[in-house]
Amino acid sequence: MSTEFAVVRSGRPVGAEERAAILAAPGFGQYFTDHMASATWTVDGGWAGHRVGPLEPFQLHPSAAVLHYAQEIFEGLKAYRHGDGSVWLFRPEANARRFAQSARRLDLPVLPEEDFIASCATLVEVDEPWVPVPAGEESLYLRPFMFASEAFLGVRSAARVEYAVIASPAGPYFESGVTGVTLWVSSTYARASEGGTGAAKCGGNYAGSLAAQREAAEHGCDQVLYLDSAGKGNLEESGTMNLLLITSDGHLVTPELGTILAGVTRDTLLTLADQHGLTPIERSVNIDELRTGVADGTFVEAFAAGTAAVVTPITGFKGEARQGDTGHAGDTGHAGHAGDSARYYELTVGDGTPGRKTVELREHVLDIQYGRTEDPHGWLHRVC
Ligand SMILES: *Cc1c(COP(=O)(O)O)cnc(C)c1O
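Residues numbered from 1 in each chain as written. Predicted model: local features only at pLDDT ≥ 70, side-chain atom pairs only at ≥ 80, totals over all residues. Heavy atoms only, no water.

Visitor: Mind showing me how you'd approach the overall build of the protein chain here?
Guide: The number of helices and strands found in the protein chain is 10 helices and 17 strands. Scaling as 2.2 N^0.38, a compact globule of 384 residues should have a C-alpha radius of gyration of about 21 Å, and the protein chain matches this with 22 Å. Expressed along its principal axes, the backbone C-alpha trace of the protein chain runs to roughly 65 × 55 × 35 Å. Within the protein chain, counting contacts between residues at least 6 apart in sequence, those at least 24 apart form 72% of the total. Accessible surface, the protein chain: about 17,000 Å² in total, of which carbon and sulfur atoms supply 50%. (Helix = DSSP H or I, 4+ residues; strand = E, 2+ residues; numbered from the N terminus. Rg over C-alpha atoms; globule rule 2.2 N^0.38 Å. Contact = heavy atoms within 4.5 Å. Areas by Shrake-Rupley, 256 points an atom, 1.4 Å probe, with all protein chains shown as cover.)

Visitor: Please explain the site of the ligand as it appears in this structure.
Guide: Taken together, 15 residues surround the ligand, and among them K201, Y206, E237, T265 and T307 come closest. Here Y206 contributes a side-chain N or O atom positioned 2.5 Å from an oxygen atom of the ligand. Within the side chain of T265, one N or O atom sits 2.6 Å away from an oxygen atom of the ligand. Protein burial of the ligand: of its 380 Å² of free accessible surface, 96% is covered by the chains. When atoms are counted within 2 Å of each cavity's grid points, the one that captures over half of the ligand is the largest pocket. Considered class by class, the residues forming the shell around the ligand number 4 nonpolar, 7 polar and 4 charged. (Near = heavy atom within 4 Å. Polar contact = N/O pair within 3.5 Å; in protein donor to acceptor, adjacent residues only side chain to side chain. 1 Å grid on protein atoms, 1.4 Å probe; cavity = no way out; pocket = protein on both sides within 12 Å on 5 of 7 lines; lining within 4 Å. Sits in = over half its atoms within 2 Å of the grid points. Nonpolar A, V, L, I, M, F, W, Y, C, P; charged D, E, K, R; others polar.)

Visitor: Whenever I open this one, helix α4 (residues 113–126) confuses me. Can you help?
Guide: Side chains that are three or four residues apart share a direction in an α-helix, a result of its 3.6 residues per turn. End to end, α4 covers 20 Å across 14 residues, agreeing with the expected 20 Å (1.5 Å per residue, within 8%). With 11 of 14 residues buried, α4 lies mostly within the body of the structure. (Expected span 1.5 Å × (residues − 1). Buried < 20%, exposed > 50% of the residue type's maximum accessible area, 1.4 Å probe, protein only.)

Visitor: Help me out: how do you make sense of the nonpolar core in this one?
Guide: For soluble globular proteins, the rule of thumb is that nonpolar side chains tend to be buried together. Core analysis: the largest hydrophobic core is formed by 42 residues, its most contacted members being F116, V124, L142, M146 and Y163. Sorting elements by how many residues they give to this core places α4 first, with 8 residues. (Core = buried A, V, L, I, M, F, W, Y, C linked by side-chain atoms within 4.5 Å.)

Visitor: What is the right way to read the domain arrangement of the protein chain from this model?
Guide: By convention, interface size is frequently given as the accessible area that disappears when the constituent parts associate. You can read the domains of the protein chain as domain 1 (6–172) and domain 2 (181–369). In this structure, domain 1 and domain 2 have C-alpha centres spaced 30 Å apart. Domain 1 puts 18 residues into the contact, and the matching count from domain 2 is 20 residues. The largest per-residue losses of area from domain 1 upon contact with domain 2 belong to F74, F90 and R98, which jointly make up 33% of the total buried on that side. Counting every contact that joins domain 1 to domain 2 gives 2 salt bridges. There are 13 residue pairs in polar contact (both at pLDDT 80 or more) connecting domain 1 and domain 2. Elements with a contribution of two residues or more to the side of domain 1 that touches domain 2: β4 (72–74), β5 (77–81) and α3 (92–105). The dominant element in the side of domain 1 that touches domain 2, judged by the number of residues it contributes, is α3, at 5 residues. (Domains from an automatic or database assignment. Buried area = accessible area lost by both parts, 1.4 Å probe. Salt bridge = Lys/Arg side-chain N within 4 Å of Asp/Glu carboxyl O.)

Visitor: Explain empty space enclosed by the protein to me, please; I cannot follow it from the model alone.
Guide: Where empty space is left becomes clear once a probe the size of a water molecule has been rolled over the atoms. Applying the stated criterion to the full structure yields 1 cavity of 30 Å³ or more. In this model, the largest cavity occupies a volume close to 80 Å³. Surrounding the largest cavity, G76, L77, K78, Y80, F90, N95, V264, T265, T307, V365 and Q369 form its lining. Among the elements of the structure, β5, α7 (264–272) and α10 (356–369) are those that each provide at least two residues to the lining of the largest cavity. Sort the elements by how many residues they give to the lining of the largest cavity and β5 lands first, with 3 residues. Residues belonging to the lining of the largest cavity are distributed by class as follows: 5 nonpolar, 5 polar and 1 charged. Both domain 1 (6–172) and domain 2 (181–369) contribute no fewer than three residues apiece to the lining of the largest cavity. (Points joined across faces, edges and corners; volume = space filled by probe spheres on them.)

Visitor: How should I be thinking about the layout of surface pockets in this particular structure?
Guide: Taken as a whole, the largest pocket holds about 490 Å³ of empty space. Residue lining of the largest pocket: 29 residues in total, with K201, Y206, T240, T307 and A308 positioned closest to the centre. Put simply, the parts of the chain that give the lining of the largest pocket at least two residues each are β7 (139–148), α5 (203–207), α7 and β14 (299–306). The greatest single-element share of the lining of the largest pocket, amounting to 3 residues, is contributed by α7. Both domain 1 (6–172) and domain 2 (181–369) contribute no fewer than three residues apiece to the lining of the largest pocket. Here the second largest pocket is characterised by a volume of approximately 420 Å³. Lining the second largest pocket are 27 residues, and of these R98, Q101, L257, A262 and G263 sit closest to its centre. Taken together, the elements giving at least two residues each to the lining of the second largest pocket come down to α3 and α7. Class assignment for the residues of the lining of the second largest pocket results in 9 nonpolar, 10 polar and 8 charged. Counting residues domain by domain, the lining of the second largest pocket receives three or more from each of domain 1 (6–172) and domain 2 (181–369).

Visitor: I'm lost on the pattern of salt bridges in this one. Help?
Guide: Opposite charge on two side chains makes pairing possible when the charged atoms of those side chains draw close. Counted by the stated rule, this structure contains 13 salt bridges. E128 serves as the salt-bridge partner of R81, at 2.9 Å between the closest nitrogen and oxygen. In this pair, R81 sits in strand β5 while E128 sits in the loop between α4 and β7, placing the two residues 47 residues apart along the sequence. Owing to a relative accessible area of 26%, E128 belongs among the partly exposed residues under this scheme. Two residues, R156 and E150, come together in a salt bridge whose shortest N-O distance is 2.9 Å.

In structure tokens form, the structure reads like this:
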């Protein structure tokens, strides 16, 4: 049995007209609903104060531990409105389980998984008018998070912790149709190391990723792709999304878990693979194998997977050539500055447009989420 999140309705909700204007073009993460779920944990009292109340700022002492030592974790999942008006969460128990795992790694208190689901479901129920009627891929994005709020500058696990869920309407990720992204293979930055926090969904991982993302942009790429930190050259993930590759002989290949984030979307796609004639394989893939394989047509499609965009086709990779690296057969030379082609390699996946299976898989996940096809795995959880 989950603890009930008692509802205290906002006395000043956004008006229906203003809400309709927001829902007509919500973007991502810019607008928030009228309410938030919350609960507080103390070392003496455990979890208490479960409620869904008006969205409001936190009051934090400047010494609050999270502001100094980043003891913080979060989750991301969505509520989808189906054709009959009903509203559903997608695999919330997977997010609840991962949130508990992240909590253990950051030495935060574990929120019972049923309370995690109850907090999300109650918030969505109360803010139901904020769940968009999908014209395309609109949804209500939920952001559960937990942080150390104790006022204390010592380095130890906090004796007071806040848990909350906020909700933000989200428009289609790709405003003008699904196009591909290019990934910068960073040889400067790593995301995670063995024994580190790579498998936890914690804010600290993201703080460290911003400089790498800037490096990617400086090289004309949309996102960064990390290699392992031990220098083996194994592909990890893109920092907000997992990486998947499709081979010409029908394998859906993705790096094995360990230092990467165990994405719900990644797992969903591996489960659906055989319905698309693909064999799911979790194994390490080296950057040299990627370069050779993309060039010789072994890897025919590539994409990134995460809740926000579901599946993002990858149409190219770029990275720094190593010393003595003469390039791999088929690497496309760089048309930019003189000497660039020696310094960088560039790969075009397939014909440089989103792959056919990639788009097929993307549609399949969306069809389940929006209730347009069967859900044999019982992934949908009805809220209202
Ligand atoms: C959240 C996240 C993902 C994607 O996970 P989903 O559960 O599919 O949304 C991938 N990588 C990182 C680092 C993440 O934080």
